[in-house]
Amino acid sequence: MPFARRMMVERRQWLTAAEFTDLVSLGQILPGPNIVNVSICVGWRFAGAAGIFAALAGLVFVPFWIVIGFGIIHATYGEVPRVQGAFMGIAAAGAGLVIATGLKMARPMIGSIQALIFIVLGFGAIAIMRWPLMPVVLVLATLSILVTAWIRGRR
Amino acid sequence: MKTTDTLLLMLGQFALMSLFAIGGANSVLPEMHRFVVEQQGWLTHQKFAELFGLAQGVPGPNMLVVALIGYHVAGLPGALVCTIGLIGPSSLLTFLVYRVWDRFRGSAWQELIQAAAAPVTVGLVLATGYIVTMAADETWQAFAVTAGVAILTVTTRAHPLIWLAIAAALGALGLL
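These remarks concern the structure in this document. (Residues numbered from 1 in each chain as written. Chains lettered and ligands numbered in written order. Predicted model: local features only at pLDDT ≥ 70, side-chain atom pairs only at ≥ 80, totals over all residues.)

Next up on the list: the overall build of chain A. Along the backbone of chain A there are six helices and zero strands. Secondary structure elements in chain A, listed N-terminal to C-terminal, are α-α-α-α-α-α. Relative to the compact-globule value of 15 Å for 155 residues, chain A shows a C-alpha radius of gyration of 20 Å, a clear excess of over 25%. Overall, chain A is about 60 × 45 × 25 Å in size when its C-alpha atoms are taken along their principal axes. The buried share among the 155 residues of chain A stands at 36%. (Helix = DSSP H or I, 4+ residues; strand = E, 2+ residues; numbered from the N terminus. Rg over C-alpha atoms; globule rule 2.2 N^0.38 Å. Buried ≥ 20, exposed ≤ 12 C-beta atoms within 10 Å, placed from the backbone.)

So, on to the overall build of chain B. In terms of regular secondary structure, chain B is built from seven helices and zero strands. Ordered by position from N to C terminus, the α and β elements of chain B give α-α-α-α-α-α-α. C-alpha extents for chain B along the principal axes are approximately 55 × 50 × 25 Å. The 176 residues of chain B split such that 53% are buried. When contacts within chain B are restricted to residue pairs at least 6 apart in sequence, long-range pairs at least 24 apart make up 60% of them. (Contact = placed C-beta atoms within 7 Å.)

Another aspect to go through is helix H5 (residues 108-136) of chain B. Look at H5 of chain B: 42 Å from first C-alpha to last across 29 residues, which is about the 42 Å you get at 1.5 Å a residue. Along H5 of chain B, the sharpest change in direction is near 30° and occurs at Ala118 of chain B; proline Pro119 of chain B comes one to four residues later. (Expected span 1.5 Å × (residues − 1). Bend = angle between axes of the 7 residues up to and from the residue.)

Between chain A and chain B, the residue contacts involve 71 residues of the former and 85 residues of the latter. Elements with a minimum of two residues in the side of chain A that touches chain B: helix H2 (17-29), helix H3 (34-77), helix H4 (81-106), helix H5 (113-128) and helix H6 (133-154) of chain A. A per-element tally of the side of chain A that touches chain B places H4 of chain A first, with 23 residues. A per-class count over the side of chain A that touches chain B returns 51 nonpolar, 16 polar and four charged. (Nonpolar A, V, L, I, M, F, W, Y, C, P; charged D, E, K, R; others polar.)

Attention shifts here to the environment of Ala91 of chain A. Residue placement: Ala91 of chain A occurs in helix H4. According to the C-beta neighbour criterion, Ala91 of chain A is buried, with 34 such atoms within 10 Å. Those residues within four positions of Ala91 of chain A in sequence are excluded, and the remaining contacts are Ala49, Glu50, Phe52, Gly53 and Ala136 of chain B.

Structurally, Pro63 of chain A can be placed in helix H3. Judged by the 19 C-beta atoms lying within 10 Å of it, Pro63 of chain A falls in the partly exposed class. The spacing of Pro63 of chain A and Phe118 of chain A is 55 residues in sequence and 34 Å in space, taken between C-alpha atoms. Ignoring sequence-local partners within four residues, the contact set of Pro63 of chain A consists of Pro59, Gly60, Pro61 and Leu64 of chain B.

Right, let's talk about helix H1 (residues 3-18) of chain B for a bit. An ideal rise of 1.5 Å per residue puts 22 Å on 16 residues; H1 of chain B measures up with 22 Å between its terminal C-alpha atoms. Summarising the contacts, the buried residues of H1 of chain B are in contact with H6 of chain A together with helix H2 (25-39) and helix H4 (65-104) of chain B.

Quick look at the packing of H5 of chain A against H5 of chain B now. One can describe the packing of H5 of chain A onto H5 of chain B by two numbers: an axis separation of 7 Å at closest approach and a directional angle of 40°. Classified by the angle their axes make, H5 of chain A and H5 of chain B are oblique. Remark: the crossing between H5 of chain A and H5 of chain B carries right-handed chirality. Note on element contacts: H5 of chain B touches H5 of chain A through Pro119, Val120, Val122, Gly123, Leu124, Leu126, Ala127, Tyr130 and Ile131 of chain B, opposite Ala115, Phe118, Ile119, Val120, Leu121, Gly122, Phe123, Ile126 and Ala127 of chain A. Residue composition of the contact of H5 of chain A with H5 of chain B, by class: 16 nonpolar, two polar and no charged. (Axes fitted to C-alpha atoms, helices over the stretch in contact; angles between N-to-C directions. Parallel < 35°, antiparallel > 145°, perpendicular 65-115°, else oblique. Left-handed = near helix turned anticlockwise from the far one by under 90°.)

Spelled out as structure tokens, the structure:
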């Protein structure tokens, strides 16, 4: 996302900083990879349907073939002990990166008991109870919106 | 199961996940694990962790782990079907909402939904971290790498590729 911002706002000046922030917040409310969502909006705005296809081609199509290339290498050499060891090392580190992402996102919420409760509920439902994602998101998102609206209404 | 049945099943499941991927791919990984490892048995726990690691180490959006899962299950058609399934519906929804976005921009409920969804998303991302840790780490050394990378990423500003490279080297040396 920082790269996308530098390219779209600072270098090409396709968007102002405020427009970029606005699109990111739209991309965050909606499901799907954030950067893909933002690029779809920018693509549509400047070049219509062709812009959307250009955005998806650059963001997804090219990396897709790179990933598949690595997948083929992995399928061929994945049983070699050293290669397998390296992949397990990367997976262990990758798990640490995901945890770090979650912790960084949680940092601004530390003071809010309400936010902490929903973090624990979301984590517990998916990681501990292993409940399916769809009902968990529907129920928790609805509850969270109601509680947030109720708390704000009392102020 | 016939290949076309498998492809249709994958397309349907990932398309459904797409619409619930609040916060992106990091939120839906546990659901993918539930589906491909626990329900269908297409991948082992360990293979899932390996493919996740592979996607982390490759440039591009990390949601491309779906392409690897699809490739592993059903070759190139599988990779295409899973990727289109995961990106298609959310992209279409974004496009449709963007066209009416001007009317709602900056309204109070927009900020309310964002504030309300954020903690739920954090819970899902941490759940992904937990699931992947349990799949990837079989030794205490591997757990130590996961914990170390998490702590160093939160406390320093070093590029994440450094930690991936060090961990890959440790793994290749047979230390994990």
